[in-house]
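Secondary and tertiary structure notes
For reference, the chains in residue letters:
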Protein chains: 6
Amino acid sequence: MNNLSNIPYLKKAGQATFNDRHVKKFGELIHDWCCQKEKGFVIIGAPLSKSSISHSGATFAPGVIRQQLQAYSTYAIEEERDVDAYIYDAGDIEMHVTNILESQTRIANVLEEVTKKHPNCIPIVLGGDHSISYPSITGFAKTKKTVGAIQFDAHHDLRNLEDGGPSNGTPFRSLLESGVIKGEHLVQIGLRNFSNSKAYHDYAKEHGVTVYTMKDVRERKIDNIIEESIAYLKEKVDTVYISVDMDVLDQAFAPGCPAIGPGGMTSDDLLQAIRLLASEQMVGGMDIVEIDPTLDFRNMTSRLAAHIIMEFVLHKKG
Amino acid sequence: MNNLSNIPYLKKAGQATFNDRHVKKFGELIHDWCCQKEKGFVIIGAPLSKSSISHSGATFAPGVIRQQLQAYSTYAIEEERDVDAYIYDAGDIEMHVTNILESQTRIANVLEEVTKKHPNCIPIVLGGDHSISYPSITGFAKTKKTVGAIQFDAHHDLRNLEDGGPSNGTPFRSLLESGVIKGEHLVQIGLRNFSNSKAYHDYAKEHGVTVYTMKDVRERKIDNIIEESIAYLKEKVDTVYISVDMDVLDQAFAPGCPAIGPGGMTSDDLLQAIRLLASEQMVGGMDIVEIDPTLDFRNMTSRLAAHIIMEFVLHKKG
Amino acid sequence: MNNLSNIPYLKKAGQATFNDRHVKKFGELIHDWCCQKEKGFVIIGAPLSKSSISHSGATFAPGVIRQQLQAYSTYAIEEERDVDAYIYDAGDIEMHVTNILESQTRIANVLEEVTKKHPNCIPIVLGGDHSISYPSITGFAKTKKTVGAIQFDAHHDLRNLEDGGPSNGTPFRSLLESGVIKGEHLVQIGLRNFSNSKAYHDYAKEHGVTVYTMKDVRERKIDNIIEESIAYLKEKVDTVYISVDMDVLDQAFAPGCPAIGPGGMTSDDLLQAIRLLASEQMVGGMDIVEIDPTLDFRNMTSRLAAHIIMEFVLHKKG
Amino acid sequence: MNNLSNIPYLKKAGQATFNDRHVKKFGELIHDWCCQKEKGFVIIGAPLSKSSISHSGATFAPGVIRQQLQAYSTYAIEEERDVDAYIYDAGDIEMHVTNILESQTRIANVLEEVTKKHPNCIPIVLGGDHSISYPSITGFAKTKKTVGAIQFDAHHDLRNLEDGGPSNGTPFRSLLESGVIKGEHLVQIGLRNFSNSKAYHDYAKEHGVTVYTMKDVRERKIDNIIEESIAYLKEKVDTVYISVDMDVLDQAFAPGCPAIGPGGMTSDDLLQAIRLLASEQMVGGMDIVEIDPTLDFRNMTSRLAAHIIMEFVLHKKG
Amino acid sequence: MNNLSNIPYLKKAGQATFNDRHVKKFGELIHDWCCQKEKGFVIIGAPLSKSSISHSGATFAPGVIRQQLQAYSTYAIEEERDVDAYIYDAGDIEMHVTNILESQTRIANVLEEVTKKHPNCIPIVLGGDHSISYPSITGFAKTKKTVGAIQFDAHHDLRNLEDGGPSNGTPFRSLLESGVIKGEHLVQIGLRNFSNSKAYHDYAKEHGVTVYTMKDVRERKIDNIIEESIAYLKEKVDTVYISVDMDVLDQAFAPGCPAIGPGGMTSDDLLQAIRLLASEQMVGGMDIVEIDPTLDFRNMTSRLAAHIIMEFVLHKKG
Amino acid sequence: MNNLSNIPYLKKAGQATFNDRHVKKFGELIHDWCCQKEKGFVIIGAPLSKSSISHSGATFAPGVIRQQLQAYSTYAIEEERDVDAYIYDAGDIEMHVTNILESQTRIANVLEEVTKKHPNCIPIVLGGDHSISYPSITGFAKTKKTVGAIQFDAHHDLRNLEDGGPSNGTPFRSLLESGVIKGEHLVQIGLRNFSNSKAYHDYAKEHGVTVYTMKDVRERKIDNIIEESIAYLKEKVDTVYISVDMDVLDQAFAPGCPAIGPGGMTSDDLLQAIRLLASEQMVGGMDIVEIDPTLDFRNMTSRLAAHIIMEFVLHKKG
Ligand SMILES: [Ca+2]
Ligand SMILES: [Ca+2]
Ligand SMILES: [Ca+2]
Ligand SMILES: [Ca+2]
Ligand SMILES: [Ca+2]
Ligand SMILES: [Ca+2]
Ligand SMILES: [Ca+2]
Ligand SMILES: [Ca+2]
Ligand SMILES: [Ca+2]
Ligand SMILES: [Ca+2]
Ligand SMILES: [Ca+2]
Ligand SMILES: [Ca+2]
């Protein structure tokens, strides 16, 4: 087709980059078509951030996280093992320009369709702001039995829906109110002082939500919190969905979230949590949200998101 | 007055922002008038940075820290408690355009007046550069008996006054030489290699200043250092003033100080120190200095300053 | 109320700035209450940018433009005249977090109410993106007879409404289709190559819209274009509303618009156009849109917007 | 292949963007395969900037210019005409990591091959730094008879080759010394004070190079200079290659060149020159060089490069 | 001394840069020692900006302008002439850390000493903010007969001294009040709307100051204004000092001034004015002020300052 | 020479900065001439970064690191000791503009010459990218017996040389293949997941390279790793060269490396490693590489490099 393709050193635009014949790029694991029979992962971009309470450019995160994934290699030197998973990049969900609820409906529908068609593929949803977790988990849950969630977040995200509609402050409220997830099937980790209100903490307690604050994270090893959470959920649910709001991290480690602040988790703690969770068979889905590449420094936060995905894929059992 | 105020959704300029009816903003605790009888806190802006040895935009810090305070909520989820303190924002001290000594005199006078009129209000002074601590503590001390100070800083700030006058390198020299604070009533925490000189360390020793270097902070828990400092000062002084030079922090955690560098404290350590100090009744004043918002990344350093204030208010006893 | 107000040099937060007793700031002309009887201007913030096709932070523009207005003085040295107009800042319209159409309805309602209550005040609406001009002009037109518009823009803004709803690409389409403005009452100035499509240019022609491209601006003096436009509209309408999309300017002069590009107007040309238009009695409203302060360099584009407002107020007749 | 392609709103990664059915994007004219028979244009990326005397990120320019081209539309409202040219994007030439001369040889070879295989396609080469013009024109000239060049540049680019090899300071020296272009077939436009040396101006004169300084540009209309240049070259050469060093522009209009400075051309002048040149049948090739996207502001300089290409394609005759 | 100096390719730190044997750098004209007998120029850095009403980093400008001067060459291609002037860099005046008046006194003393010792050297003073022009001209005038000044500025700089002391708003007030310069010997060019007050324009008129506003600059050629100014001053004074406040330029051309705004002069106009002034024998001194490199984009404003100096030196007669 | 040197407060350009008579700057220990007899250190700049696989501005690092060194003081408060070492700054090696291999040869030659002439001086080489370690260690090893290396790095740097020549991905491959260092004499610390390939890890193992991954660093104290490494090398080699690729650090602590990422070492760990290594007599050379000041935030990474050098000098024994 490209009738110049036999001219030496002339490559398709953007592909004339250096390749080392002995390095397998992580990007080579990612395909834009799905091989039905295989077990694997499916990446879905949900570039919605008009739903944010404050101005957010999280719409750009799926693209930037994908770029980061391309740049890394498949080899985990800590485990002396090459990742050889099958990752299907299903693409991005087209958002409506002016109708935010329509955009959220599309997310729910796509998640339902994808998980139906690819029951053996674990969805990794790239936000977007945290509002996407409500439709994402709703769509995801359609084909599952009882679904629980572990949410890493500085915030409850249990705001009322009257004041602003389904925003990035409300996804878990919506999930609880719609019955997609029960309060006692929700574990929130990393909540921070002065970033929540008494009313919503009370709401969380009334609905049986399990809450680990940053004080818990500081004073107990993250390993203990994760093990405790898993042990607790194992009794109650069939499938666990992990929702990673990157603002759970300290601003030094995730400078690109809209709601940055001091006193959060370290990268090491979060990556360790992901490793432990990935090794649990019941963990069946994940989203990563609240990265605004227009605010980030050198895509640090998206780089960390890529590592979360890679460690998740590396350690995934199930 | 505003005769359009009955038009739906039309709000005063800058106030048409989203409000969640169930969230109490920290800003709601802050008033620009003082209710005399109450115990509380008084915020005073001292936007002086022309006194800095190197170029500094710390003059902008009081405004930026206030913005950050407005954005947070009152609820401390770690303690499951709503802060309900009374915080009086007394405003900013007007600085002279070209007469730096006059500006410093105004700071001393305002601190004296404010502490006289509001003996039950704990002053929280927002610099500005560190030069403001000399007039601030001088004014503060007028109505107190013996005053001691705990200074978080990478530097002694004990420079001679001949070479450049009362700058951000000299406040504690001035305090010692004027007798406002005695050397043995001064505790310095966080001093760093290659950021001080032998002459001034010698001066500190000769005057009985207590010095904890970063090696001490690295090797001992910050809790021990604070407890030891408090125990020591309790024997000697009536009131302790905390002076927080944000450059005591590692550059990764406080990127917005003029004199950033590696090897400093973490946010967690400093916040923990503040919590412990706040719970001491004898702690009666605080300043936060050396934040230059023009150099910061996404106001990270001012966000941390806001957390220092909020944790201080939350844990304050006395 | 502020019981420290008698302490020398202590000013309300943010107000301890330098004042020269012989300089009257433009901000002093701006009041947050309206004196009904007077003729004057009314500023209304319409901080909507979720309606943009591409990501936009134009929601921050009203606040930044207001800051710029505060900084300038009232004195027009070119005319040797102090502006002494009465400018009422009616505030900002609160936008809904997730319902963009609701936000647009609020804009229309507020404009209608304000122009009803203050028929002698010329509204100056600060966007936001260009989508606000549809509700703004719709509300404005309620109390007027025939309304025409002069639109400065690199783009037609006549896109179809099916593909994305009422966005910043559609305001003049909506105005024409709703009949608020007739095609022959619309003059578009500054349209640029490769920034429009044949279909919409054809639509413009079919509806009798008058179009001046950048070639016209380059080859004819702007004075001629404005005079011709005014002469044309005088025959047809009672009131003219000016809609200034700042991307009509060359990127060197307005670096803060989402859709910057080369080959646009100079600041001098646009300011001259505004001076000429202001002096026409029939010009009765204005909006300034498409400034994204998060993309700008040192608020250059908002500074220019402030000059547009000030020259408009200075030269306004009628 | 993509077995999710029938899920509504799910698009390939990066393609879930807004499309207006009535807008034809300029990117639609650009194909990554060539239809042999057609007349047209061929874009070739030459991402070499290690050859620069000063540090340069011009290696990123081909990618960024292509992005800009995608964003614009095909419609030239000034001419009321849709561009319908065939543009073949041949891709990028892979550069060697550590052997700069090898990289330059590859450029010459690719240009020779492309122009041989596609004699009816006008090459548009995207640098990279200006060093690429030596191999580019050398390869281009292989299949042409006498080739002349019009170089827009603040600098002669006639440096000696002993001091640093074939850098971005030497391309026209190499072309003259190798005999690919004769001095009397070279026209340089836009040379600037304090940006050249007497020795190289003398060299230019000795070799019969035609030089128009910025004083010429300021004092004569650019139209006259271009017409004079074309008239002059028509007598002497068969084919003219245009080499556009973007630093010919004033820094206000092209902030992203390594060697920016005041006193250069305006965007309008350069675009007008391109329009006039494009309409000359003998103009048969072009390169655009010296854009460093890592230094630019909002890709202004690449946006201007895209406009140069689009105006060139729009007006091309021959 | 440097006993490695005979190791090939090892150069003193910072000097291992590329040198083209045929290019003479402008920096080679600049010496840090003075050859008494020669006619020439003397550069003096006055890095004072603590005197600014608003925050300013103009203290860094002398260093940055010098860097720019080093980078250019000596050859003026427009005139086909190599500059061969003798330029003595006398260095920087050390500023006091906390005593601004002392700093200003030092400037006056140094200017007096330098002009006494080097009566044949034309001083080029690099600010700092505009406050330095009062001491600079005062020192300069000591050895001259009647001194006049041509001030390029958006502002009068005639503020009262009571409100803030001798700041960057007052230098020409101080010069008039001290009698160093008479009002009728002062020409101000480029004053802008909304950037001055009626009171100070009245003061200017009362004192016989000649004022050309931007309207004058727009409507008359700058050549005419300069010729008229020179003709006027020739009747009245012996020596003219040029004071260039870079904020006289439009923000697009000088983005690095503290007080940027639209509607100012172009680079071309200012450079042309400098060329014309330099050719007047009576012009005997110059300062360039109000560049804040911390706010600039890629040192554009300092680059322009360097061009002003180079064109001044190139065209200087006398 | 400078005949104005007796004018008060007039200092050479750039030297009119504040000096505190009681502070000795670290810069005072650094001389640009060498006193042969003394033991000491020699700084050599190797500003090569055209050899990088990805775009790199590491060429600017030597200059920026030197600036940082100037700014600190000599006093180590943790040890209560003034550094009094003799540090000779031999300058920078001039790089060829277009011949990268020639540049690398120059580095090898200079290192050989310097270490021959100054056998008692420990070289501290400032990169540049990591490609400089091959010629640097090759030159260094000429006068030593058996040389081993401890490499801090996220990456092996053992790539094949066929695909891109001697780049920043290959230095230790070249050293092993040329026999300058044996595999069993190389210790690599800090290698990270997804940043290496299986093929090169296999190569490392086959050649007996000792590898500590980040998992080792996380799970064991850095002190243990360093002690184990030293104990191991003491058995095998005479001299150890430390190669510090700053990307071994977590991106939060070294934001200015081209290949930043999460999950790396902390500043404290690296500084502690340096202290321990410095105290070993057999450590005889060091380089610091892969800092790109054009990407850094406030030169944080260069500041850390300066601390590495200062701690190294402070603790050096031997
Ligand atoms: Ca959340
Ligand atoms: Ca959150
Ligand atoms: Ca301090
Ligand atoms: Ca300090
Ligand atoms: Ca528009
Ligand atoms: Ca537009
Ligand atoms: Ca060139
Ligand atoms: Ca050039
Ligand atoms: Ca001025
Ligand atoms: Ca001015
Ligand atoms: Ca390396
Ligand atoms: Ca590395």
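Calculation rules
Residues numbered from 1 in each chain as written. Chains lettered and ligands numbered in written order. Predicted model: local features only at pLDDT ≥ 70, side-chain atom pairs only at ≥ 80, totals over all residues. Heavy atoms only, no water. UniProt positions renumbered as here; feature names shortened; annotations may be inferred. Least-squares fit on C-alpha atoms with pLDDT ≥ 70 in both. Contact = heavy atoms within 4.5 Å. Buried area = accessible area lost by both parts, 1.4 Å probe. Salt bridge = Lys/Arg side-chain N within 4 Å of Asp/Glu carboxyl O. Helix = DSSP H or I, 4+ residues; strand = E, 2+ residues; numbered from the N terminus. Nonpolar A, V, L, I, M, F, W, Y, C, P; charged D, E, K, R; others polar. Donors = N, O, S within 2.8 Å, 3.2 Å for Na, K, Ca; no water. Buried < 20%, exposed > 50% of the residue type's maximum accessible area, 1.4 Å probe, protein only. Polar contact = N/O pair within 3.5 Å; in protein donor to acceptor, adjacent residues only side chain to side chain.

Looking at an unreviewed UniProt entry, one finds chain A named Formimidoylglutamase, with Priestia taiwanensis as its source organism. For the record of chain A, the UniProt heading Sequence similarities (unreviewed entry) holds the text "Belongs to the arginase family."

Comments concerning the relation of the copies chain C and chain D
Superposing chain C onto chain D requires a rotation of 120° together with a translation of 0.0 Å along the rotation axis, leaving an RMSD of 0.0 Å. This pairing of chains is accounted for by a three-fold axis. When each C-alpha of chain C is compared by its distance to the rotation axis, C:Ala252 comes out closest, at 3.4 Å. Different-surface contact between copies: only 8% of interface residues of chain C are shared with the interface of chain D.

Overview of the interface of chain C and chain D
On the side of chain D, 32 residues touch chain C, which itself brings 39 residues to the contact. Carbon and sulfur atoms supply 57% of the area that chain C and chain D bury against each other, a total of about 3000 Å² over both sides. Linking chain C to chain D there are 4 salt bridges. Of the charged contacts, one joins C:Arg159 and D:Asp20 as a salt bridge, the two residues approaching to 3.0 Å between their closest N and O atoms. Among the secondary structure elements, those contributing two or more residues to the side of chain C that touches chain D are helix 5 (198–206), strand 10 (210–213) and helix 6 (214–219) of chain C. Among the residues making up the side of chain C that touches chain D, the classes are represented as 16 nonpolar, 13 polar and 10 charged.

Brief notes about the coordination of the calcium ion (ligand 2)
All names here are of chain A. Protein coordination of the calcium ion (ligand 2) is provided by Asp-153 (OD), His-155 (ND1), Asp-245 (OD), Asp-247 (OD) and Asp-247 (OD), with donor distances spanning 2.2 to 2.5 Å. The sequence pattern describing where the donors of the calcium ion (ligand 2) fall on their chain is D-x1-H-x89-D-x1-D. Between the calcium ion (ligand 2) and the calcium ion (ligand 1), the interatomic distance is 3.2 Å, and Asp-153 donates to each metal, bridging them. The pair Asp-153 / His-155 is uniform in exposure class, with both members buried.

Some points on the UniProt feature "binding site: Mn(2+)" (unreviewed entry) in chain A
Residue and element names in this part refer to chain A. Per the UniProt record, "binding site: Mn(2+)" (unreviewed entry) is found at His-130, Asp-153, His-155, Asp-157, Asp-245 and Asp-247. Annotated residues spanning 118 residues; largest pairwise C-alpha distance 12.2 Å, indicating a single compact cluster. Residue position: Asp-245 is located in strand 11 (residues 239–245). The class for Asp-245 is buried, based on a relative accessible area of 2%. When near neighbours in sequence (up to four residues on either side) are disregarded, Asp-245 contacts His-130, Phe-152, Asp-153, Asp-157, Val-289 and Glu-290. A polar contact is formed between the side chain of Asp-245 and the side chain of His-130, at a distance of 3.2 Å. You can see Asp-247 is positioned in the loop between strand 11 and helix 8 (267–278). On the accessibility criterion, Asp-247 (4% relative accessible area) is buried.

A word on the coordination of the calcium ion (ligand 3)
Donor atoms from the polypeptide that coordinate the calcium ion (ligand 3) comprise B:His130 (ND1), B:Asp153 (OD), B:Asp153 (OD), B:Asp157 (OD), B:Asp157 (OD) and B:Asp245 (OD), at 2.1 to 3.2 Å from the metal. Expressed as a motif, the donor residue spacing for the calcium ion (ligand 3) is H-x22-D-x3-D-x87-D.

Observations concerning the relation of the copies chain E and chain F
For the match of chain E to chain F, the screw axis carries a shift of 0.0 Å, the RMSD comes to 0.0 Å, and the turn is 180°. With respect to symmetry, the two chain copies, as superposed, fit the operation of a two-fold axis. Relative to the rotation axis, the closest C-alpha in chain E is found at E:Gly14, a distance of 7.3 Å. When the interface residues of chain E are mapped onto chain F, 100% of them again lie at the interface, so the same face is used by both copies.

Observations concerning the interface of chain E and chain F
Taken together, the contact between chain E and chain F spans 38 residues of the former and 38 residues of the latter. Here chain E meets chain F over a buried area of about 3100 Å², counting both sides, of which 56% is carbon and sulfur. Inspection of the chain E/chain F interface yields 4 salt bridges. The salt bridge partner of E:Lys11 is F:Glu94, with a shortest N-O separation of 2.3 Å. Inspection of the region where chain E meets chain F yields 12 residue pairs in polar contact (both at pLDDT 80 or more). Counting only elements with at least two residues in the side of chain E that touches chain F, the list comes to strand 1 (10–11), strand 6 (87–93) and helix 2 (100–117) of chain E.

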